[in-house]
Amino acid sequence: MQGRTSDIGNRTSATSRRTAACLVALGLVAVLLAACGRPSPQPLTFAPAPWGEGEISEYRITDVNGQPAGVARFEIIRIAGQRDSDHWSIRRETLAQGANELVSVEVTEGMRPVTSLLTRTASATQGAERVLATYDRSQVQMELTTSRNVTTFERASIPSDARDGNLLPVVVRSLPLREGYATRLHSFLPVVGQLETFTVSVLGVEEVSVPAGIFQAYKVEMSTRNYKTVAWYAQDDANTLVKYIDGRNRGSFELALFEP
């Protein structure tokens with residue numbers, strides 16, 4: 001009787017080992033299949049800026065519940081008198097839920113940031129918050145001023161290839177977008193002093209309908225460990241940003257006006 005019990009135990013143990021091995025194999029297959037659905041990241045390279053002097057775009061903002069939340073306006077201006085022809089000031093003004101936020105980022109060739117300035121006013125009765133960041137290769141000097149006019153200074157070390165996170169969807173316009181394309185880039189957000197690594201992947205082409213019209217657009221995912229932003233870029237020479245859903249607050253931005 002003892003021998004039979006031992007034999008049954010051995011067979012049970014062997015069956016368990018085979019089951020475990022099958023589960024591991026299935027898990028590996030699932031991982032490989034998931035990987036096959038994603039393009040492999042390529043070295044980070046930037047094309048010449050796809051926009052022209054004075055480009056203006058305006059977006060309608062809706063919140064996570066699909067309710068109107070405000071508007072955003074982007075303006076791109078070439079900085080004159082610079083040796084680098086790709087020297088731009090990119091401005092974004094957002095009016096949403098009673099707050100006014102103005103971001104101005106100066107960039108040079110390859111979307112490398114020089115300075116960025118964020119000014120935010122929560123209401124007419126409060127002062128403005130201000131964050132000025134100055135980039136110097138792998139260092140960022142930040143000057144932070146509260147609504148009560150108290151100023152502090154901070155310094156952060158970042159990878160030398162980091163871009164300013166205030167305007168990440170605009171930065172992606174300068175990448176060589178195409179089906180099957182993917183890359184990784186570092187993004188630094190001065191207002192919170194946060195460095196993140198994004199994987200940027202073109203997931204395919206979709207037809208997108210927004211207030212400005214109907215566009216055939218690349219669907220692009222910008223993902224970190226904690227969240228992902230999804231954006232649609234028109235298949236035109238300017239890689240026009242048609243729509244994006246912010247991964248942090250889930251707000252949706254839809255193109256309402258575009259002036260090249």
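Per chain, residue numbering runs from 1 following the sequence as it is written. Under the rules for a predicted model, residues below a pLDDT of 70 receive no local features and side-chain atom pairs below 80 are neither given nor counted, while totals for whole chains, interfaces and linings still include all residues. Excluded from the side-chain calculations are hydrogens and water; all other atoms, namely the structure's heavy atoms, are used.

We count a stretch as a helix when DSSP gives it H or I for four or more residues in a row; a strand needs E for two or more, and each element gets its number in order from the N terminus. Counting its regular elements, the protein contains two helices and 15 strands. Relative accessible area decides the class of each residue, using a 1.4 Å probe on protein chains only: under 20% of the type maximum gives buried, over 50% gives exposed, and in between gives partly exposed. Per-residue burial for the protein yields a buried fraction of 38% across its 260 residues. Considering only residue pairs separated by 6 or more positions, the protein has 40% of its internal contacts joining residues 24 or more positions apart. The method behind every accessible area is Shrake-Rupley, applied with a 1.4 Å probe, and residues are considered shielded solely by the protein chains displayed. Counting only carbon and sulfur atoms, one obtains 52% of the accessible surface of the protein, whose full area is about 14,300 Å². For this analysis, residues touch if any pair of their heavy atoms sits within 4.5 Å.

What follows is about the nonpolar core. Among the nonpolar cores identified, the biggest contains 55 residues, and Trp-51, Ile-90, Val-172, Leu-177, Val-220, Met-222 and Tyr-233 are the most heavily contacted of them. The contact partners of Trp-51, leaving out residues within four places of it in the chain, are Ile-76, Trp-88, Ile-90, Met-111, Val-170, Arg-173 and Ser-174. Residues belong to one nonpolar core when they are buried, are Ala, Val, Leu, Ile, Met, Phe, Trp, Tyr or Cys, and are joined through side-chain atoms within 4.5 Å.

On to the pairing of strand S3 (residues 88–96). As paired strands, strand S2 (residues 68–78) and S3 are joined by nine bridges and run antiparallel to one another. Within the sheet, the bridge partner assigned to Gly-70 lies in S3 and is Ala-96. Here nine bridges tie S3 to strand S4 (residues 99–108), and the two strands are oriented antiparallel to one another. The partner of Thr-94 across the bridge, within S4, is Glu-101. When DSSP finds two or more bridges between a pair of strands, those strands are recorded as paired.

So, on to the side chain of Thr-62. Within the secondary structure, Thr-62 is located in strand S1 (residues 55–62). Residue classification places Thr-62 among the buried positions, given a relative accessible area of 14%. For Thr-62, the residues in contact, after removing those within four places along its chain, are Gln-67, Pro-68, Ala-69, Gly-251 and Ser-252.

Each aromatic pair joins two rings of Phe, Tyr and Trp (for Trp, the six-membered one) with centres within 6.5 Å, and gets the label stacked for planes under 30 degrees apart, edge-to-face for over 60, and tilted for any other angle. Under the counting rule described, the total for this entry stands at four aromatic pairs. When the ring of Tyr-59 is compared with that of Phe-74, the centres are 5.4 Å apart and the planes differ by 80 degrees; the resulting orientation is edge-to-face. Placement of the pair is Tyr-59 in strand S1 and Phe-74 in strand S2, with a sequence separation of 15 residues. By the burial criterion, Tyr-59 is buried, and Phe-74 matches it. Between Tyr-244 and Phe-253 the ring centres are 4.4 Å apart and the planes differ by 5 degrees, which places this aromatic pair in the stacked class. A relative accessible area of 5% means that Tyr-244 is categorised as buried.

Attention now moves to the pairing of strand S7 (residues 139–145). Judged from the seven bridges that link them, strand S6 (residues 129–136) and S7 form a sheet pairing that is antiparallel. Along S7, the bridge assignment pairs Asp-136 with Gln-139. Where S6 folds back on S7, the antiparallel hairpin that results is connected by two residues, among which Arg-137 adopts a positive phi of roughly 55 degrees. Pairing geometry for S7 and strand S8 (residues 151–157), over seven bridges, is antiparallel. Among the inter-strand pairings, Thr-145 is bridged to a residue of S8, identified as Thr-151.

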